[in-house]
Structures are given as C-alpha cells and as structure tokens.
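# Structural features, examined
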Amino acid sequence: MNENTAPRAAWLDLIGLVAATAVGLVVAARGFPLALFAAFTDLLVRGPMGAGVYAAAVLAVAIAVPALLPRQPGWPVAAAGLAVVLVADLADTDVTKVLLPIEQGTTGEVVLALAAAAGLGLALGGVLLVLAQTSPVARWWVGAGLSAGLVLNQVGSELFRAVLPRRAEHPSSAPAGQRGIVDGIDVEVWLALGLVLVAAVVAYARRSGHGVAAPARFRPGAIVAVIAAAALLLLGHALRRRVIRELRLGSDEMVGREATTESFAQVSAVVLAVVVALLLTAYAYRLGRAPAARWVVLGAAAAPVAAFGFPYGGPSSGTRTSLVLLFGILAVAGGALAARHAARMLPWDAIGVVVTAAATPWSWPEVRAELPSADTVGPVLIAVGLGLAFGSGVVLVTEPTGTPPTGPAGTVNDPAEGDSAAAGDAPAVAAPAVAPEGEPAGGRTGQRAGDLAGVLVLGPAALMLCASALAPVVLRSQVGGLIEEDPSFTVSLFSTVGAVLLVLLFGLARAVNRRRPGPRVEATSQMV
C-alpha cells in the first residue's frame, strides 16, 4: 500500500499543478492588459472617464470574493469564474475593444465585458482558495503552478497562437478548412476550464482541497480592504484626470506648464500606487504579520512589470520562447524550493524583485533600438526575476517556515481556533499530526482557511490595483521620446523600493523570532 501511495499522490498533485498553471495563463493573458486602460485617463482627458478604467478595479475586487467562502470548494469557484469568461466569448464580446474609450460599446456589451473581468478575478481567487484549503504537499504544487502561469503568460499565449490558426472576423471570410477553428486564446479558456473541472473531481474524490468541514467565521475584512483600495484608486484616477485637464487647458498661459503637467502626471501616479499598496499592506500585516505583508508588497513591487512586460513587437522567435519558458520554469521551481528549505538564509522574493527591476531598462526604446538582443535578454531576465519572486513568495505566505508566525491569536499565523485563543502575540506550535475528522490531512480548519485565503487574495489584488495606478507611467516609459519628463527610471525605482521593504520585513521577522524564547526555554521557566 505504501508503495502505491506516493506515485498516486504525485499524479494527483500534478493535476492540481497543471490546472493552476492553466488558470494563471488565462488570468494573466486576459486580465493584466485591463490595467493599461488607466493610461487613457492621461491621454484622453475630455468627456467622462472610460469604462475600461473600472475593469482592473472590478477584477481586483472579484479576486477577493472567494475569501468570503472558506468552506466552499475552491476548484468549482474557479470553474465558475472561467464559465463567465466563456459566456462573454460565446457572445462575441471583445473585452478590449468594448472598453476602449474611443470605442463606444452598448451598455450590454460594457456590462458583459466587466462581468468577464470579474470572472477572471473569480477564477484566480478560486485557485487561491484551493491554496488555503488543501494539504501542505498539494499546496506547494498548486502554488508553483499558479506562479508559473502568471509569469509565463506571454509565452503560453504565443505557443497557442503558433499551434492554432486564428479565428476570422466572419465565417465567410475564413479560408476553407479553417472555418470554426477558434483563436488560440479562446482555446486557453476552454482548456483551463476542463482542467479545473478535472481537478475539482479529483479533489472531491481524494477528500482534499474541496472545502473544510469545521465551522468557519464570516470574515469580510479582506474584501472590505480591497474594495476600499479600489475605490481609492478610482477616486485618485478621477482627481488626477481633472487636474491634468485643468493644467492642459491653461498650458498657453504659462511658460513651462507642459513640463509641470507631465511631472504631476508622473508623481501623482506613483503616489496613488504607494497609497493603495500601503493600505493593503497595513491590513495584511494586521492579519498575518510579516509573511502576509511581504506577499502584498511583492504584488505591488512586481505590478508594473508583471502586468505589462515588454512592448509587443510581433511574434517571438523560437529561441526566445524556448529560453523564456526554460528559465521561467527553473526560476519558479528554484524560488519555491529556496523558500521551503532555505527561507532563513536570504529574502528570495526581494532578490527576484531586484532582478525584475534590473531587467526593465531592456524595455526602453533606446536600448531596444541599439541592442537587438534586448528582445531576448529582457524577457528572459523578467521571467527569472518574476519566477523567483512569485515562486518563493507563494511558499512563504502559505508555509512561513523562514519567518515564523508572529501574528496575534486568531489570525492566520496563530494555530489557536475559536474564542479559546488567548489575546496578544502567541508563539507558533506544530500542527497536530492527525487531522480532525472530516478535515483534509495536513489541511486547515475553517477559521484558519478563511484567514489564509484573506491574506492570499491581497497580493494579486495589490498587483492589479498598483498596475492600474502606474499604467500612465509604464506607457510613457515604453513609448519614449514623446515627452520631456522621462519616466524610464520610475518603474525600476518603484520596484527597487519594494525590494527594500521586503528586506526590511524579512529582517523584522528574524529579529522578532530571535527575541522570542523557544518552547523548551518557556517550559523550563514555568518549571522553575
């Protein structure tokens, strides 16, 4: 029996890894570009703010919705989100075109497009709910798969487009033999939905990752924090847009007003991203102390690069695709292993963010014009940096072995359950070897699953909201030569500051853990 258990468990965990990777690819390929709509708040300042600006906020809030469902199965929640996306596809709703300010879609089309954005967020949140519910071993596989999907989304989409012909605008215009064949990115959604349904069936059959049996408190804190941050983001976009419009209307009346306008547009975008990130980080620290705060800071620091990457310059060469795929997978696996077995040595998530920040200059138009190799070196470095950052970050937040929990009783970092948990800081204790009846082995009770899910959703939500806030700056840095105020270093500086915060949180957790006496010391002091 023992000889067959390990291979069978490995195959079952592999299904979760593949399903999580597929969801990550779809969410990144379709959801990340929605943050770029915020750049139109600077480009088109006349008329009402476009509906596309709301897409990133809707997606971020939808990510946090599964945190309200700690007892519900995670995989079916993800499947429901993907089903909403498919409904939009079957209705022939082009989300990108409908939400563009220059394309006035009907009310029904806009609502369906925003619903598709919400479906993407629900799918991602469902996988994060699986992470909170499942056993430690399966959690490692699912987390690594989701990180790989988010990092390698551009390569995945290119592979699908290379294998499958694109769908024509009208069936009559499709070449003979290609009619009815869907676009590659449509196949991604169908494939992801099928894999998620298989993972849901497998999870139900093995009684792992399909929900928790213990009572779970209703904890709306995470979604309230995300809604507050999203509302703050939209308010900030509206205020920035109004000030920029006023400055541009008076540009002929004052010398240097154009430079002032561009400087304000750049600085205000960064300030807005910082405020949103600090709001979510503060709540995450209250809920899970340093490990939770590091997860949110990671999402914010990687946002401008993870969401936008590099300007699309046509189909990738086979060499670049292979290198990005190879080094990206190795970086995700290496980051996850480093966080699991050597988390006390170095802040691996900060190192990944530093590599990502160092890779951003390769996307500058001047560098790409002078160095043709930038189109290959840049994406490889970004895949390595993001892979190391997300691969280690997801392990640190779910299994914070390198930075032992310091949260108060009743939080995600405290094993105490219910009202019996004592108030104040409590040292972590080992989980029981035998799981309670009805709970997955090595899994979490309802309260702990709900708290961990609340922490997990904050990182991707911070990524989407900060990417939307920084969209005008990222667009300016990639077009180059069109403005006097060059924002090229702003993205690198923002990510570097995030890496510094990650290092500080790493050091803070180490310092707290050194001051805390171990179990043997506490037992000895009680005996004396």
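Residues numbered from 1 in each chain as written. Predicted model: local features only at pLDDT ≥ 70, side-chain atom pairs only at ≥ 80, totals over all residues. Heavy atoms only, no water.

What the protein chain contains, in helices and strands, is 18 helices and zero strands. When each of the 528 residues of the protein chain is scored for burial, the buried share is 53%. Pairs at least 24 residues apart make up 84% of the contacts formed inside the protein chain by residues separated by at least 6 positions. Accessible surface computed for the protein chain: about 23,100 Å², of which carbon and sulfur atoms make up 66%. (Helix = DSSP H or I, 4+ residues; strand = E, 2+ residues; numbered from the N terminus. Buried < 20%, exposed > 50% of the residue type's maximum accessible area, 1.4 Å probe, protein only. Contact = heavy atoms within 4.5 Å. Areas by Shrake-Rupley, 256 points an atom, 1.4 Å probe, with all protein chains shown as cover.)

Further remarks concern the environment of Val 474. With respect to the helices and strands, Val 474 occurs in helix H16 (residues 446–479). Note: C-alpha distance between Val 474 and Val 305 (169 residues apart in sequence) is 8.6 Å. In contact with Val 474, not counting residues within four places along its chain, are Pro 304, Phe 308 and Val 491.

Counting 130 residues, the largest nonpolar core has Trp 75, Leu 280 and Met 464 as its most contacted members. No other element matches the 23 residues that helix H11 (residues 257–308) contributes to this core. Apart from residues lying up to four places away in sequence, Leu 280 is in contact with Ala 225, Val 226, Ala 229, Val 296, Leu 458, Ala 461, Ala 462 and Leu 465. (Core = buried A, V, L, I, M, F, W, Y, C linked by side-chain atoms within 4.5 Å.)

Bringing the packing of aromatic side chains into the picture now. For the coordinates displayed, the defined rule picks out one aromatic pair. Seen from their ring centres, Trp 140 and Trp 141 are 6.3 Å apart, and the 80° between their planes marks the pair as edge-to-face. The exposure class of Trp 140 is buried, given its relative accessible area of 18%. Judged by relative accessible area, which is 24%, Trp 141 ranks as partly exposed. (Phe/Tyr/Trp six-rings, centres within 6.5 Å; stacked < 30°, edge-to-face > 60°.)

The end-to-end C-alpha distance of helix H4 (residues 74–90), which contains 17 residues, comes to 25 Å, matching closely the 24 Å that a straight helix rising 1.5 Å per residue would cover. Buried within H4 we find Gly 74, Trp 75, Val 77, Ala 78, Ala 79, Gly 81, Leu 82, Val 85, Leu 86, Ala 88 and Asp 89. (Expected span 1.5 Å × (residues − 1).)

Right, let's talk about the packing of helix H13 (residues 348–359) against helix H15 (residues 374–398) for a bit. Running from N to C, H13 and H15 point in directions that differ by 160°, and their axes come no closer than 7 Å. Between H13 and H15, the angle is such that the two are roughly antiparallel. In the packing of H13 onto H15, the handedness of the crossing is left-handed. On H15, the residues touching Trp 348, Asp 349, Ile 351, Gly 352, Val 353, Val 355, Thr 356 and Ala 359 of H13 are Gly 378, Leu 381, Ile 382, Gly 385, Leu 386, Leu 388, Ala 389, Ser 392 and Leu 396. Of the residues assigned to the contact of H13 with H15, the class counts are eleven nonpolar, five polar and one charged. (Axes fitted to C-alpha atoms, helices over the stretch in contact; angles between N-to-C directions. Parallel < 35°, antiparallel > 145°, perpendicular 65-115°, else oblique. Left-handed = near helix turned anticlockwise from the far one by under 90°. Nonpolar A, V, L, I, M, F, W, Y, C, P; charged D, E, K, R; others polar.)

We now examine a nonpolar patch on the surface. A grouping of Leu 493, Val 497, Val 500, Leu 501 and Leu 504 is seen on the molecular surface, where their side chains present a nonpolar patch of about 450 Å² in accessible area. Relative to the helices and strands, Leu 504 resides in helix H17 (residues 488–515). (Patch = residues over 30% accessible without salt bridge, like charges linked within 9 Å, V, L, I, M, F, W, Y side chains within 5 Å. Salt bridge = Lys/Arg side-chain N within 4 Å of Asp/Glu carboxyl O.)

Trans is the prevailing form of peptide bonds, just as negative phi is the prevailing case for residues other than glycine. Despite not being glycine, Arg 289 has its phi angle at roughly 60°, a positive value. Checked against the element boundaries, Arg 289 lands in helix H11.

The next thing to look at is helix H12 (residues 318–341). When the terminal C-alpha atoms of H12 are compared, their 34 Å separation across 24 residues agrees well with the 34 Å that a helix rising 1.5 Å per residue should span. Buried within H12 are the following residues: Arg 320, Thr 321, Val 324, Gly 328, Ala 331, Val 332, Gly 335, Ala 336, Ala 338 and Ala 339.

What follows covers the pattern of salt bridges. Counted according to the given criterion, the structure contains two salt bridges. Among the salt bridges present, the one from Asp 89 reaches Arg 30, with a minimum N-O distance of 2.9 Å. A residue pair is termed long-range when its members are at least 10 positions apart, and Asp 89 in helix H4 and Arg 30 in helix H1 (residues 2–31) qualify at 59 residues. With a shortest N-O distance of 2.9 Å, Arg 294 and Asp 349 are connected by a salt bridge.

At their nearest, the axes of H12 and H15 sit 7 Å apart, and the two run at 25° to each other. With respect to H15, the element H12 is oriented roughly parallel. Handedness of the crossing formed by H12 with H15: right-handed. Touching Arg 320, Leu 323, Val 324, Phe 327, Gly 328, Ala 331, Val 332, Gly 335, Ala 336, Ala 339 and Arg 340 of H12 are Asp 375, Thr 376, Pro 379, Val 380, Ala 383, Val 384, Gly 387, Leu 388, Gly 391, Ser 392, Val 395 and Leu 396, all from H15. Its residues placed into classes, the contact of H12 with H15 shows 14 nonpolar, six polar and three charged.

Before going further, it helps to spend a moment on the environment of Ala 228. Its place among the elements puts Ala 228 in helix H10 (residues 221–249). For Ala 228, a relative accessible area of 38% translates into the label partly exposed. Spatially, the C-alpha atom of Ala 228 lies 9.2 Å from that of Leu 280, the residues being 52 residues apart in sequence.

Take the side chain of Arg 139 next. Relative to the assigned elements, Arg 139 resides in helix H7 (residues 136–151). The class for Arg 139 is buried, based on a relative accessible area of 3%. There is a polar contact of 3.0 Å between the side chain of Arg 139 and the backbone oxygen of Leu 131. (Polar contact = N/O pair within 3.5 Å; in protein donor to acceptor, adjacent residues only side chain to side chain.)

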